[in-house]
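# Structural features, examined
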Amino acid sequence: MRFLLRITFWLGLVLVLLPRDKTPESEKLPNIGAADAVQAATAAVSDMSQFCKRQPAACEVGGQAATIIGQRAQDGARKIYQIINDKKEQITDEKNEKTNRNDKKAPDHTGSITVAGEGDATASEAPQDTLTQDDLALEWRGPEATAN
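Fair warning: this is a prediction, and the values are worked out from it, not measured in the lab.

## Structural notes on the overall build of the chain
Assigned secondary structure in the chain consists of seven helices and zero strands. Walking the chain from its N terminus toward its C terminus, one meets helices and strands in the order α-α-α-α-α-α-α. Relative to its full complement of 148 residues, the chain shows a buried share of 4%. A total accessible area of about 14100 Å² is found for the chain, and carbon and sulfur atoms account for 58% of it.

## Details of a negative patch on the surface
The grouping of Asp 86, Glu 89, Asp 93, Glu 94 and Glu 97 at the surface amounts to a negative patch. Relative to the helices and strands, Asp 86 is located in helix α5 (residues 56–104). For Asp 86, a relative accessible area of 41% translates into the label partly exposed.

## Looking at the layout of surface pockets
Counted as a void, the second largest pocket has a volume near 290 Å³. What lines the second largest pocket is a set of 13 residues, among which Arg 2, Leu 5, Val 45, Met 48 and Ser 49 lie closest to the centre. By residue number, the principal contributor to the lining of the second largest pocket is helix α1 (residues 2–17), which donates five residues. Looking at side-chain class alone, the lining of the second largest pocket contains ten nonpolar, one polar and two charged residues.

## A few points about the confidence of the model for the chain
Mean pLDDT over the chain: 76, with 74% of residues reaching 70 or higher. Of all the helices and strands in the chain, helix α6 (residues 122–125) carries the lowest mean pLDDT, 55, while α1 carries the highest, 82.

## Overview of a nonpolar patch on the surface
On the surface, Leu 11, Val 14, Leu 15 and Leu 18 cluster together into a nonpolar patch covering about 380 Å² of accessible area. Turning to its location among the elements, Leu 11 is positioned in helix α1.

About the criteria used
- Residues numbered from 1 in each chain as written.
- Predicted model: local features only at pLDDT ≥ 70, side-chain atom pairs only at ≥ 80, totals over all residues.
- Heavy atoms only, no water.
- Helix = DSSP H or I, 4+ residues; strand = E, 2+ residues; numbered from the N terminus.
- Buried < 20%, exposed > 50% of the residue type's maximum accessible area, 1.4 Å probe, protein only.
- Areas by Shrake-Rupley, 256 points an atom, 1.4 Å probe, with all protein chains shown as cover.
- Patch = residues over 30% accessible without salt bridge, like charges linked within 9 Å, V, L, I, M, F, W, Y side chains within 5 Å.
- Salt bridge = Lys/Arg side-chain N within 4 Å of Asp/Glu carboxyl O.
- Lys, Arg positive; Asp, Glu negative; His and termini not counted.
- Charge placed at Lys NZ, Arg CZ, Asp CG, Glu CD.
- 1 Å grid on protein atoms, 1.4 Å probe; cavity = no way out; pocket = protein on both sides within 12 Å on 5 of 7 lines; lining within 4 Å.
- Points joined across faces, edges and corners; volume = space filled by probe spheres on them.
- Nonpolar A, V, L, I, M, F, W, Y, C, P; charged D, E, K, R; others polar.
- pLDDT = per-residue confidence, 0-100.

Shown next as structure tokens:
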């Protein structure tokens, strides 16, 4: 409760001390200096600090309300955090599923070349060794070394 009052006070003080543009409405307002504003604010804060002594029941209820509001804020933050994490996990799972589907996808074939096991049965009956005896009789020779 005091925290909220202090924030309100300091925010109000900052807003009061900000420079203003000169307008016809602002010239009609009374002129208050910064020192006067600080004095008035100090008096207000001191009066607020005495409020709990004058009205203890109001301070007790205000403290309980602040505790409940704080607890609800924590619960809300926890829910938001959980929603964000769940969404993050869902996105990660979707990416993993997409990657797995792409990995399992059969390779693309144009149809111009038949792959063994596809199309007609002649692919499996084709001979594996197509070299003739003349091809096998030739002796292998590596490239000739050139002398420099």
